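Coordinate inspection notes
Chain residues, written in single-letter form:
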Amino acid sequence: MSRLHVLTLGAMVALAIALATSGGVTWSAFSATTGTSGSTFSAASSFGTARQVVTPAYNLRDASSGTESNASLSALLAGDGMEFKSAYGFPADFSTAEYLQSDSFVSLPAGLAVADATHNYNFKPTSGTACIYMETRRASTDALLATHGSAANPLACNSSATSYTTVTTALPEVTSTDIANDLRVRTYMTNTALTTNSVDISTVTGTQDGTAFSLPSWTVTDTSQIAYTANWALGRSGDQSSYGDYLSAAGWDNAFASTKYLKLGFPAYVPTGATGVSATFKHAYASNTTGTTTCWYFEVYNGATLLATHGSASAPVSCTSSTTPVTDTVALPSVDTVAEANNLTIKAYLKNDNSKLASRKSRHDLGTVTIGYTN
Amino acid sequence: MSRPGRIFATMVALSALAVAGGPGTWASFSAGTSTAGNRATAGTVDIADNDGGATAMLSFSGALPGATDSGCIKVSYSGSLGSSVRLYGTTAGSGLDQYIDLKITRGRFTGSDPSFDACTGFEADAADYVGAGAGVMYSGTLQAFPDDYANGLIDPHSTSPESWSAGESHVYKLEVTLRSDTAAQGKDATQSFTWEARNQ
């Protein structure tokens, strides 16, 4: 090949390359893929409705002395040693002015249907024979809903001073949570010996949204002679005039002690399958003796399992020197499941700085939990 | 035609071919002489995973807010050519993807590999690639997850792309959570997850 041929061929190659590169040629790369397909997701057609329940702790154990004693609502459970005895004796004949009356605490979410509502009650005379019949009413208006038994045909009678007679009464008139939350049960009583009568349990049970509930009678009106109303101490703040304070059984130590506390147990109201569970605890307390300072912190439990501690021995949730209750509202982010909300216990540790043990007691005017959920 | 003329004609013909070919793939000029024992072979790009042909890796059905699912997949490279890898996927459905949070964490299995798509023994890379925690490559909605290679997540991060070599593998933990938004009610989504290796 002559020199001219070589030079010409080289120019041709150079020209071809220049044309190719100036034309913006894309070069393919070697590639390979792997992966997965078919991951599928679907959302429920309805996420449900946001709801809320508010309930006091009805189960109260007082370990201010270092040993637990049962200080629970008397109407909560039968056979627990906690009973309510009328202040005075009842007449031998029924009178519309002589009764024990109990109201429900507004706990259940509003606007839901209730099924199988039942009143669970027992009673016994101190002596003689006691008989009862019952009315249900709306607590807010005192409007009559239904009568169960009558003066002529009592629901039940009991002649035993040692054994309670249990009366279970279906309440078909309680058809919604609105009624259950606003239910008053008026129990007319007689006693042939004109003595006092006692009650060991008074609850309204049923199901709402497919979930069983039990509403204890949190307030009792006793008209056996001079009418008075006693509220469950932890149900409402500012109700000291209605015997609505709880006084610790013993004075607290000057320092927090692991064996000295109040243990508050709450009922279960959150239905299975609920989501978005949240909880807030409200506690109102005071020093029983003017000029002494009471402090507290608390632990949150799911049954026996510790979930969280709020405050500490070195940094209590709060302190007060007042004999007027102060209220602390504390969010409980550790309570975020149905199981935790329905098995909730709070252990409150307290201390007081007075030099005299008897002056180191505390008063408790509120112990409620508000639970939000969606279902 | 004279010799210069023939040469010129050849150059014109070559030019015409260059123009007509446009932005296409050009075969390179090559020349060689062969003698016994001389060979030229192309390198390879090869990537695979441990799903054994399974399709769905994540799912929830009729879910309520807070519903979650997670799974791990091991991706292995066996090509002879060093390659970069990008992650992307294809989304379909009625719009649930904007209400699903997706987190992808890169790491490895400590000990023996579990069966697909278990995450037993998963350990995240120590590096915080995107400021969302150790090993996290992506934390966002399923909707915002890239749909193609061009926009794909550069493994493990755009500032430090890795060149995969033969025998290299990494494990990816994918986690999805349904957001609490009533607008998501009744919606659905399907999703694929692709790892693509390219040697340039």
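Refer to the structure printed above.
This section reports on the structure supplied with the text.

Procedures and definitions
Residues numbered from 1 in each chain as written. Chains lettered and ligands numbered in written order. Predicted model: local features only at pLDDT ≥ 70, side-chain atom pairs only at ≥ 80, totals over all residues. Heavy atoms only, no water. Helix = DSSP H or I, 4+ residues; strand = E, 2+ residues; numbered from the N terminus. Buried < 20%, exposed > 50% of the residue type's maximum accessible area, 1.4 Å probe, protein only. Contact = heavy atoms within 4.5 Å. 1 Å grid on protein atoms, 1.4 Å probe; cavity = no way out; pocket = protein on both sides within 12 Å on 5 of 7 lines; lining within 4 Å. Points joined across faces, edges and corners; volume = space filled by probe spheres on them. Disulfide = S-S within 2.5 Å. Salt bridge = Lys/Arg side-chain N within 4 Å of Asp/Glu carboxyl O. Phe/Tyr/Trp six-rings, centres within 6.5 Å; stacked < 30°, edge-to-face > 60°. Core = buried A, V, L, I, M, F, W, Y, C linked by side-chain atoms within 4.5 Å.

Let's talk about the overall build of chain A
When helices and strands are counted, chain A shows 3 helices and 24 strands. Scored against the burial criterion, the 375 residues of chain A give a buried share of 51%. A separation of at least 24 residues holds for 79% of the contacts in chain A among residues at least 6 apart in sequence.

Some points on empty space enclosed by the protein
Residue and element names in this part refer to chain A. All told, the structure shown has 3 cavities of 30 Å³ or more when counted by the stated rule. In this structure, the largest cavity encloses a volume near 110 Å³. If you go around the largest cavity, you meet 13 residues; those closest to its centre are Ser102, Tyr121, Val199, Ser202 and Val220. Of all elements in the fold, only β6 (99-104), β12 (183-191), β13 (197-208) and β14 (211-222) reach the threshold of two or more residues within the lining of the largest cavity. Top element by residues in the lining of the largest cavity is β6. It accounts for 3 residues.

Some details on the state of the cysteines
Applying the stated rule across the entire model yields 3 disulfides over all chains. Here Cys131(A) is linked by a disulfide to Cys157(A), with a sulfur-sulfur distance of 2.0 Å. The disulfide joining Cys131(A) to Cys157(A) has a torsion of about 110° about its S-S bond and is therefore right-handed. With Cys131(A) in strand β8 (residues 130-138) and Cys157(A) in strand β10 (residues 156-158), this residue pair connects regions lying 26 residues apart in the sequence. Residue classification places Cys131(A) among the buried residues on the basis of a relative accessible area of 12%. Judged by relative accessible area, which is 40%, Cys157(A) ranks as partly exposed. One disulfide in the model links Cys72(B) with Cys119(B); its S-S distance is 2.1 Å. Measuring handedness by torsion sign, the sulfur bridge of Cys72(B) and Cys119(B) sits at about 110° and is right-handed. With Cys72(B) in strand β3 (residues 68-77) and Cys119(B) in the loop between β6 (100-109) and β7 (122-124), this pair connects stretches of sequence that are 47 residues apart.

Quick notes on the pattern of salt bridges
Under the criterion given, the structure shown has 17 salt bridges over all chains. With a shortest N-O distance of 2.9 Å, Asp103(A) and Arg184(A) are connected by a salt bridge. On the criterion of sequence distance, the pair formed by Asp103(A) in strand β6 and Arg184(A) in strand β12 is long-range, its members being 81 residues apart. In this structure, Arg106(B) engages Asp155(B) in a salt bridge whose closest nitrogen and oxygen atoms are separated by 2.9 Å. Of this pair, Arg106(B) sits in strand β6 while Asp155(B) sits in the loop between β9 (153-154) and β10 (169-178); the two residues are 49 residues apart in sequence, bridging distant segments of the chain.

Some words on the side chain of Thr169(A)
Examined against the element boundaries, Thr169(A) turns out to sit in strand β11 (residues 165-170). Beyond its immediate chain neighbours, meaning those up to four positions away, Thr169(A) contacts Ala117(A), Thr118(A), His119(A), Met134(A), His148(A) and Leu155(A).

Topic: the packing of aromatic side chains
The relative placement of two aromatic rings is captured by the distance of their centres and the angle of their planes. Under the criterion given, the structure shown has 16 aromatic pairs over all chains. Aromatic pair Phe281(A) and Trp296(A): ring centres 6.2 Å apart, planes at 70°, arrangement edge-to-face. Highlighted residues: Phe281(A) in strand β18 (residues 275-287) and Trp296(A) in strand β19 (residues 294-302), separated in sequence by 15 residues. Comparing Phe281(A) with Trp296(A) shows no difference in burial state: the two are buried. For the pair Tyr172(B) and Trp195(B), a centre-to-centre distance of 5.3 Å together with 50° between the ring planes defines the contact as tilted. With Tyr172(B) in strand β10 and Trp195(B) in strand β11 (residues 188-198), this pair connects stretches of sequence that are 23 residues apart.

Side note on the nonpolar core
Phe298(A) and Leu332(A) are the most contacted members of the largest nonpolar core, which has 53 residues in total. Judged by nonpolar contacts, the second largest core, of 38 residues, contains Ala32(A), Ile104(B), Tyr129(B) and Val176(B).

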